[in-house]
Amino acid sequence: MNAPSPTPGAPPRLRLEGISKVYPAVVANDAVDLVVAPGEIHAVLGENGAGKSTLMKIIYGVTRPSAGTLYWEGERVEVTSPAQARALGIGMVFQHFSLFETLTVAENVALALPGKPALDELAQRIEAVSQRYGLPVAPRRHVHALSVGERQRVEIIRCLLQNPRLLIMDEPTSVLTPQAVRKLFDTLRQLSAEGCSILYISHKLDEIQELCHTATVLRGGRVSGHCRPAEETPQSMARLMIGKDLPVCEHGPAASGGELRLRLAGLSHASEDPFGTDLKDIHLDVHAGEIVGIAGVSGNGQQELLQAISGEEIIAEKFPVQICGVQAGRLSAAQRRRIGLCFVPEDRLGRGAVPSMSLADNAVLTAARSAGLVRGGFLAFARARHFAAECIERFNVRCGGPQAAAKSLSGGNLQKFIVGREVLQTPQLLVCAQPTWGVDVGAAAFIRQAIIDLRNRGCAVLVVSEELDELFEICDRIAVIAKGRLSPVRPVAETSVEDIGVWMSGLWPGAEPVPADAEAEAVDAAA
Amino acid sequence: MDASLFTSMLFATVVAGTPLIIVALGLLVSERAGVLNLGAEGMMAMGAVAAFAATHTTGNPWLGVLAGMGAGLAVALIFGVLTLTLQANQVASGLAVAIFGVGLSAFIGKPFESVALPAVPAIRIPFIADIPLIGEALYNQQALVYFSWALFWAVLWFLARSRAGLVLRAVGESPASAHAIGYPVIAIRYLAVLFGGAMAGIGGAFLSVFYTPMWVEGMVAGRGWIALALVVFATWRPLRVMIGAYLFGGVMITQLFIQGSGLQIDFPSQFLSSLPYWATIVVLVVISRNPNTIRLNSPASLGKPYRPDA
């Protein structure tokens, strides 16, 4: 793939010179230079915490740099607010969407446009743009009723209506199915051909290779290299990104004939959240010594399923959830832990750990009983500290020791601690939600290996994740959840990323027929 | 019940509901922008005493209303500086402002105790006031009663139809997102808080200048708190606020009538006195129990301080 040849003599669309951003505790960006040509798709590559998002926020005027200069089409500018950035022609699609859930699509778009567009006329413009770029979305629907993929389309359309000349996309594919990613890439290539420059933030090397003309790699806030992704290999880019080779997980074949540790026998449960997903007749068995993965676009019942298994949500009858041979449907979360369940929730700060409490105290919260951190009704502080210290050491958690507050850790390190805390309790059954979400490549490989090791020691593991590559790397068997229903479970060796991608829209053999317009990925969370 | 009794009870109901409507609609706008203003009671008290003092001094009730509005604005400004500029906790600041306003109003009002104001004449709307039964009750009323109706339509239109209202709701829903697309979150929240304070001041002025034209310490008597509760139980929707306010007024008048009529009923009077409070809450909870509409209308960031990333 060739970059569009820039007009000789034309200034670059955007040039950054020596941009630095210093926060009280960290240097997020350190003298970063960056040049983006007109019509170029430019990747900004780096691990979590490398300073990619901060740099983009500086360009978009959300944050001010501590030092350095921005040049927009050859002219020196100071971007002091997102409104000014938009006036210049910069649009941004955020990693965590900046949409208002209780408003309609058209209202959300109207909020970002200058002037006072009439909503009816705006709805027509939205439809026109969505047709032109293949981004179907209904202007009058409320955002909370849209799937994640649809929400991202709304964000993109909102940017496109402002005719941007530079579009910033912050990790846009982390929530999309493989099919939706391909559609997004088509849209971005079309934009690039029309002369719009694109800054594409990601840590997924294969995507960058497929899409981007040039790349700037950040490591620890500094530029660690430039490259043309098409001429590189994922290994060579990974070296630029993490400074060493990508670790590879060791994954032997699953032991067969392990005892049954988790059985879902026709689990149905109506969600209490009006915008949640009802679980419908879910059947699943997980045996000792295997890892079963559940794929799916978020909002299709993963959360409800996890809550029903972990005991956060108690269901009406006993038998649909059976843990280690016990009918556990009416047991509380603590009772379920007592019979051998350990659980790593999706949300690290808030559900996985109490942010303001120390790591030792957080260890007590789930390991009090199984690791003997309570004696005669009193907390055994020394034992708790020892347990936390062991977890920190074995799982290579970078932190200030067992007394460090959970919120002082970076996301990846806290996740390593939480996974470690559960693994050290040697559970009979481990349930993990998004074990490596927002975790950098090195830490993610470490966590995956820890899960595989646990399996090898005879634990049954259930992993719910949106990252298909991850599931294919660690799982022995895989299923898909869509609209609250679970697909058949297949051995990973007998299926492919493509098949599972199709299943993610609810189209598996023997599934209920889906309305025609729901093809591809419009899996509606609120349907 | 004879016709004239019905008319006079309807009249009294409307009058009793009016200050609640004005104050609650102001609070509704603040809360839709994400600011929980628990200081309403203090703002009403300050509005009431300022309005009374101004009316007593100048003899002009309209200058009194202006003074009441100004006093409400001033207290709201203090609240805004505390919670929006200094990012103090909204609940604690609101409680402090409520206590402060009630106390300061008692101090300022000392010289005006046991002074009466001349009653302000009602405004009779020609022709429709002649409608039997309801005409005299609804259309021969104080100017601020008509104002409360205009305010209702204005707030309804503002929130549902205007772009400024859309921005306000967006700020209350997700201040971080609103900031990211370039709206001045703090400035918008200031305006919303000041509007709420101004309405609380006018509500107070209605009490001391029109409703019972005199000043007594503690005369707001918890109406600021009731207005706050109305907004929540009405799930942040103007029409339900209005229904709740009149319901409260109606039950209040009815139980006063029953207690005052000397009817021999075997019922503790304390129970009757508490009737308006729980009747209003029960009715509003029942009509607003659909979780879907609650989620659609409740401001997600209510009570949470927001500081834009520098």
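As the structure is a prediction and not an experimental result, all values here were calculated from the model.

Conventions we followed
- Residues numbered from 1 in each chain as written.
- Chains lettered and ligands numbered in written order.
- Predicted model: local features only at pLDDT ≥ 70, side-chain atom pairs only at ≥ 80, totals over all residues.
- Heavy atoms only, no water.
- 1 Å grid on protein atoms, 1.4 Å probe; cavity = no way out; pocket = protein on both sides within 12 Å on 5 of 7 lines; lining within 4 Å.
- Points joined across faces, edges and corners; volume = space filled by probe spheres on them.
- Helix = DSSP H or I, 4+ residues; strand = E, 2+ residues; numbered from the N terminus.
- Nonpolar A, V, L, I, M, F, W, Y, C, P; charged D, E, K, R; others polar.
- Domains from an automatic or database assignment.
- Salt bridge = Lys/Arg side-chain N within 4 Å of Asp/Glu carboxyl O.
- Buried < 20%, exposed > 50% of the residue type's maximum accessible area, 1.4 Å probe, protein only.
- Pairing = 2+ DSSP bridges.
- Polar contact = N/O pair within 3.5 Å; in protein donor to acceptor, adjacent residues only side chain to side chain.
- Phe/Tyr/Trp six-rings, centres within 6.5 Å; stacked < 30°, edge-to-face > 60°.
- Lys NZ or Arg CZ within 6 Å of the ring centre and 35° of its normal.
- Expected span 1.5 Å × (residues − 1).
- Contact = heavy atoms within 4.5 Å.
- Buried area = accessible area lost by both parts, 1.4 Å probe.
- Axes fitted to C-alpha atoms, helices over the stretch in contact; angles between N-to-C directions.

**Some details on the layout of surface pockets**
Right, so step 1: Counted as a void, the second largest pocket has a volume near 740 Å³.
Right, so step 2: Lining the second largest pocket are 30 residues, and of these E107 of chain A together with L159, A160, R161 and R169 of chain B lie nearest its centre.
Right, so step 3: Those elements that place two or more of their residues in the lining of the second largest pocket are α3 (105-112) of chain A together with α6 (143-161), α7 (163-173), α11 (238-260) and α13 (291-297) of chain B.
Right, so step 4: Residue contributions to the lining of the second largest pocket peak at five residues, all from α7 of chain B.
Right, so step 5: Here the lining of the second largest pocket is composed, by residue class, of 14 nonpolar, seven polar and nine charged.

**Quick look at the domain arrangement of chain A**
Right, so step 1: Entries for chain A in the domain assignment read domain 1 (14-89 + 165-177 + 194-243), domain 2 (99-163) and domain 3 (260-340 + 427-518).
Right, so step 2: Put simply, the middle of domain 1 of chain A and the middle of domain 3 of chain A, counted by C-alpha atoms, are 35 Å apart.

**Observations concerning the pattern of salt bridges**
Charged atoms that come close allow side chains of opposite charge to pair.
Right, so step 1: Inspection of the entire model under this criterion finds 24 salt bridges over all chains.
Right, so step 2: D476 of chain A serves as the salt-bridge partner of R455 of chain A, at 2.6 Å between the closest nitrogen and oxygen. Taken together, the positions of R455 of chain A in helix α14 (residues 441-456) and D476 of chain A in the loop between α15 (468-474) and β21 (477-482) put the pair 21 residues apart, joining distant regions of the chain.
Right, so step 3: Take R455 of chain A: its relative accessible area is 2%, and that puts it in the buried class.
Right, so step 4: Owing to a relative accessible area of 13%, D476 of chain A belongs among the buried residues under this scheme.
Right, so step 5: Note that R124 of chain B and D130 of chain B form a salt bridge whose closest N and O atoms lie 2.3 Å from each other.

**With respect to the sheet that holds strand β12 (residues 279-287) of chain A**
Picture the strands of a sheet paired through backbone hydrogen bonds; they go either parallel or antiparallel.
Residue and element names in this part refer to chain A.
Right, so step 1: Taken in spatial order, the four strands of this open sheet run β12-β11-β14-β15, and their pairing is antiparallel. Sheet topology places β12 and β15 (326-327) at the edges, where each strand pairs with a single neighbour.
Right, so step 2: In the sheet, strand β11 (residues 260-269) pairs with strand β14 (residues 321-323) via three bridges, with the strands oriented antiparallel. Residue pairing across strands places L264 opposite V321, the latter belonging to β14.

**Examining the side chain of Q434 of chain A**
Right, so step 1: If you trace the backbone, Q434 of chain A turns up in the loop between β19 (429-433) and α14.
Right, so step 2: Polar contacts involving the side chain of Q434 of chain A include one to the side chain of E466 of chain A, which spans 2.8 Å.

**Observations regarding the packing of aromatic side chains**
Right, so step 1: A full pass over the atoms with the stated rule returns 11 aromatic pairs over all chains.
Right, so step 2: Their ring planes at 15° and their centres at 6.0 Å tell us that F206 of chain B and F210 of chain B sit as a pair that is stacked. Of this pair, F206 of chain B and F210 of chain B are both found in helix α9 (residues 185-211), four residues apart, which corresponds to roughly one turn of the helix. The same class applies to F206 of chain B and to F210 of chain B, which are both buried.
Right, so step 3: Their ring planes at 50° and their centres at 5.8 Å tell us that F271 of chain B and W278 of chain B sit as a pair that is tilted.
Right, so step 4: By relative accessible area, which is 41% here, W278 of chain B ends up partly exposed.
Right, so step 5: Taken together, the ring pairs in this structure connect W62, F206, F210 and Y211 of chain B into an aromatic cluster.
Right, so step 6: Its guanidinium or amino end placed over the ring of Y71 of chain A, R15 of chain A lies 4.4 Å from that ring's centre, counting from NZ or CZ.
Right, so step 7: A cation over an aromatic ring shows up here: K416 of chain A above the ring of F446 of chain A, its NZ or CZ 5.7 Å from the ring centre.

**Thoughts on α11 of chain B**
Residue and element names in this part refer to chain B.
Right, so step 1: Here α11 contains 23 residues, and its C-alpha end-to-end distance of 33 Å stays within 8% of the 33 Å for a straight helix at 1.5 Å per residue.
Right, so step 2: Restricting attention to buried positions, one finds in α11 the residues P238, V241, M242, G244, A245, F248, G249, G250, V251, M252, I253 and Q255.
Right, so step 3: Residues of α11 that are buried in the fold lie against α1 (3-32), α6, α10 (223-233) and α12 (269-287).

**Examining the pairing of strand β1 (residues 14-22) of chain A**
Right, so step 1: Two elements, β1 of chain A and strand β2 (residues 27-36) of chain A, share six bridges in a ladder whose sense is antiparallel. The residue of β2 of chain A that forms the bridge with R15 of chain A is V35 of chain A.

**Notes on unusual backbone geometry**
Residue and element names in this part refer to chain A.
Right, so step 1: Despite not being glycine, D281 shows a phi value in the positive range, around 50°.
Right, so step 2: Looking at the secondary structure, you find D281 in strand β12.
Right, so step 3: Unusually for a residue other than glycine, C324 sits at a positive phi of about 50°.
Right, so step 4: Note on placement: C324 falls in the loop between β14 and β15.

**A short note on the interface of chain A and chain B**
Often, the extent of an interface is quoted as the loss of accessible area on bringing the components together.
Right, so step 1: Chain A puts 31 residues into the contact, and the matching count from chain B is 20 residues.
Right, so step 2: Between chain A and chain B, the buried area comes to about 2100 Å², and carbon and sulfur atoms account for 60% of it.
Right, so step 3: For R169 of chain B, the salt bridge identified is with E107 of chain A, shortest N-O distance 3.5 Å.
Right, so step 4: On inspection of chain A and its partner chain B, the count reaches six residue pairs in polar contact (both at pLDDT 80 or more).
Right, so step 5: For the side of chain A that touches chain B, the elements supplying multiple residues, two or more each, are α2 (82-88) and α3 of chain A.

**With respect to the sheet that holds β1 of chain A**
Residues and elements named next belong to chain A.
Right, so step 1: Here we have four strands laid out as an open sheet, ordered β2-β1-β4-β5, and antiparallel in their pairing. Strands with a single pairing partner mark the edges of an open sheet, and in this sheet they are β2 and β5 (75-77). Strand-to-strand, the axes of this sheet are offset by a mean angle of 25°, without reference to chain direction.

**Considering empty space enclosed by the protein**
Right, so step 1: In the structure shown here, the tally under the stated rule is four cavities of 30 Å³ or more.
Right, so step 2: By volume, the largest cavity amounts to about 130 Å³.
Right, so step 3: If you go around the largest cavity, you meet 12 residues; those closest to its centre are L135, R153, A180, K183 and L184 of chain A.
Right, so step 4: Every element with two or more residues in the lining of the largest cavity is listed here: α5 (148-160) and α6 (178-193) of chain A.
Right, so step 5: Its residues assigned to classes, the lining of the largest cavity comprises five nonpolar, four polar and three charged.
Right, so step 6: Here the second largest cavity defines a volume of roughly 50 Å³.
Right, so step 7: Contributing to the lining of the second largest cavity are Y60, R86, G91, M92, F94, S98, A112, R158, C159 and Q162 of chain A together with I181 of chain B.
Right, so step 8: Of all the secondary structure elements, the ones that give two or more residues to the lining of the second largest cavity are β6 (90-93) and α5 of chain A.
Right, so step 9: Considering only residue class, the lining of the second largest cavity consists of six nonpolar, three polar and two charged.

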